[in-house]
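Survey of secondary and tertiary structure
Given next are the chains, with one letter for each unit.
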Amino acid sequence: MTEKKPWHGVNLATTLPFHEDLSVAYDAYAEHVRFTTANGVTGIIPNGSLGEYQTLTEDERKQVFLTAVEAAPEGVAVIPGVGAYGALESVRLTEHAAENGAPAVMLLPPNAYRASDDEVVEHFRRVAAVGLPVLAYNNPIDTKVDLRPDLLARMFDEGLIVSVKEFSGDVRHAYEIRELAPGLDISIGSDDVVLELGINGAVGWVAGYPNAIPAATVELYDLSTSNDPEKWARAREIYRDLHPLLRWDSKTWFVQAIKLSQQVAGVAPVGITTRPPRLPLPEAIRDQIIADTEAVLAKGYR
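Conventions used here
- Residues numbered from 1 in each chain as written.
- Predicted model: local features only at pLDDT ≥ 70, side-chain atom pairs only at ≥ 80, totals over all residues.
- Heavy atoms only, no water.
- UniProt positions renumbered as here; feature names shortened; annotations may be inferred.
- Helix = DSSP H or I, 4+ residues; strand = E, 2+ residues; numbered from the N terminus.
- Rg over C-alpha atoms; globule rule 2.2 N^0.38 Å.
- Buried < 20%, exposed > 50% of the residue type's maximum accessible area, 1.4 Å probe, protein only.
- Contact = heavy atoms within 4.5 Å.
- Areas by Shrake-Rupley, 256 points an atom, 1.4 Å probe, with all protein chains shown as cover.
- Lys, Arg positive; Asp, Glu negative; His and termini not counted.
- Charge placed at Lys NZ, Arg CZ, Asp CG, Glu CD.
- Arc of directions from axis to C-beta.
- Salt bridge = Lys/Arg side-chain N within 4 Å of Asp/Glu carboxyl O.
- Phe/Tyr/Trp six-rings, centres within 6.5 Å; stacked < 30°, edge-to-face > 60°.

As recorded by an unreviewed UniProt entry, the protein carries the name Dihydrodipicolinate synthase family protein and is attributed to Microbacterium oryzae. Annotation of the protein in UniProt includes, under Sequence similarities (unreviewed entry), the sentence "Belongs to the DapA family."

Let's talk about the overall build of the protein
Regarding its fold elements, the protein presents twelve helices and eight strands. The C-alpha radius of gyration of the protein comes to 18 Å, within 12% of the 19 Å expected for a compact globule of 302 residues. For the protein, the spread of C-alpha atoms along the principal axes amounts to about 50 × 50 × 40 Å. Scored against the burial criterion, the 302 residues of the protein give a buried share of 56%. Put simply, of all contacts in the protein between residues at least 6 apart along the chain, 70% involve residues at least 24 apart. Accessible surface computed for the protein: about 12,700 Å², of which carbon and sulfur atoms make up 50%. Computed over 27 positive and 42 negative side-chain charges, the inter-centroid distance for the protein is 2 Å.

Examining helix H7 (residues 172–180)
Turning to H7, its buried residues are His 173, Ala 174 and Ile 177. When H7 is viewed along its axis, its buried side chains cluster within an angular range of 100° and face the same direction. For H7, the exposed residues set more than 90 degrees away from the buried face come down to Arg 172 and Glu 179. Where the residues of H7 are buried, they touch helix H6 (149–157), strand S6 (163–166), strand S7 (185–188) and helix H8 (194–198).

Observations regarding the pattern of salt bridges
Summed over all chains, the structure comprises 14 salt bridges. One salt bridge connects Arg 61 with Glu 89, and the closest N-O pair in it is separated by 4.0 Å. Of this pair, Arg 61 sits in helix H2 (residues 58–71) while Glu 89 sits in helix H3 (residues 87–99), placing them 28 residues apart in sequence. Classification of Arg 61 as buried rests on a relative accessible area of 3%. In this structure, Asp 241 and Lys 299 form a salt bridge, with 3.2 Å as the shortest nitrogen-oxygen distance. Here the residue Asp 241 occupies a position in helix H10 (residues 229–246), and Lys 299 occupies one in the segment after helix H12 (283–298), the gap between them amounting to 58 residues.

What about the environment of Trp 205?
The residue Trp 205 is located in strand S8 (residues 204–207) in this model. Given the relative accessible area of 0%, Trp 205 is considered buried. A C-alpha to C-alpha distance of 26 Å links Trp 205 and Arg 286, two positions 81 residues apart in sequence. What Trp 205 contacts, discounting residues up to four positions off in sequence, is Gly 9, Val 10, Asn 11, Ser 187, Ile 188, Ser 190, Asp 191, Val 194, Pro 210, Thr 217 and Tyr 221.

Things to note about the packing of aromatic side chains
This model, assessed by the stated rule, comprises one aromatic pair. Seen in terms of ring centroids, Trp 205 and Tyr 221 are 6.3 Å apart; in terms of plane orientation they differ by 25°. Their pairing is stacked. Of this pair, Trp 205 sits in strand S8 while Tyr 221 sits in helix H9 (residues 214–224), placing them 16 residues apart in sequence.

Next up, the structure:
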């Protein structure tokens, strides 16, 4: 049996509530952490893409992390995202995380430009030197830097990473990662490949839609990763029902979409405001997300 690590299970990439004046709603964020963990989420990842980290100051990012730490119940890991344009900022955020008890951090490759393999490795090397386990975050769609299986294996062999959030959307990567770096933990990185990566041995899910429907999505993960063909049959049923909603997690409007679904589900702590440059959704997109969310709720998923 695989030893349970802090990054195993359903680690929620939390959305971040804002007041209408665009300031961070820290009290509402704490409420959201308590709500989702009470409904089965096993870990919290503040300051990820869903948390709009790019729009936050360094001080805000630190306070968001501390708010999550204070709100999370005992036994729930809080693993902050420390991705930044520069490695020095990522190092400072990692040092802050270490000083305040984080068991690990999640790190994107440098994304100010298309970095070379050597630059990617050096970026991870600097952050890993702080001493915390590092979860690599592969998001070539947004960052334009692909943490290919061979590159992940190189960093794993050097001891720089312990896990990867695989958001490429290419489920074939999981097989190649397992061949090249058998000891590297794979976390599901996109909500619309939960079943495919779950049955292939993923040990974690850095998740989006549990922000809106935590109980149903945690059940889907548990069934998908059960290694039990009978449970997989039930997982397929849930997956088919949820997939029209889950696939919004890999669309351009994923932040606004999940916040809107939270509102429709009645679990948005203070509305659905996002910080610029994100704008309110186009009407047709908004209507479709509402319809997809209502369809899921009508089937009893929460």
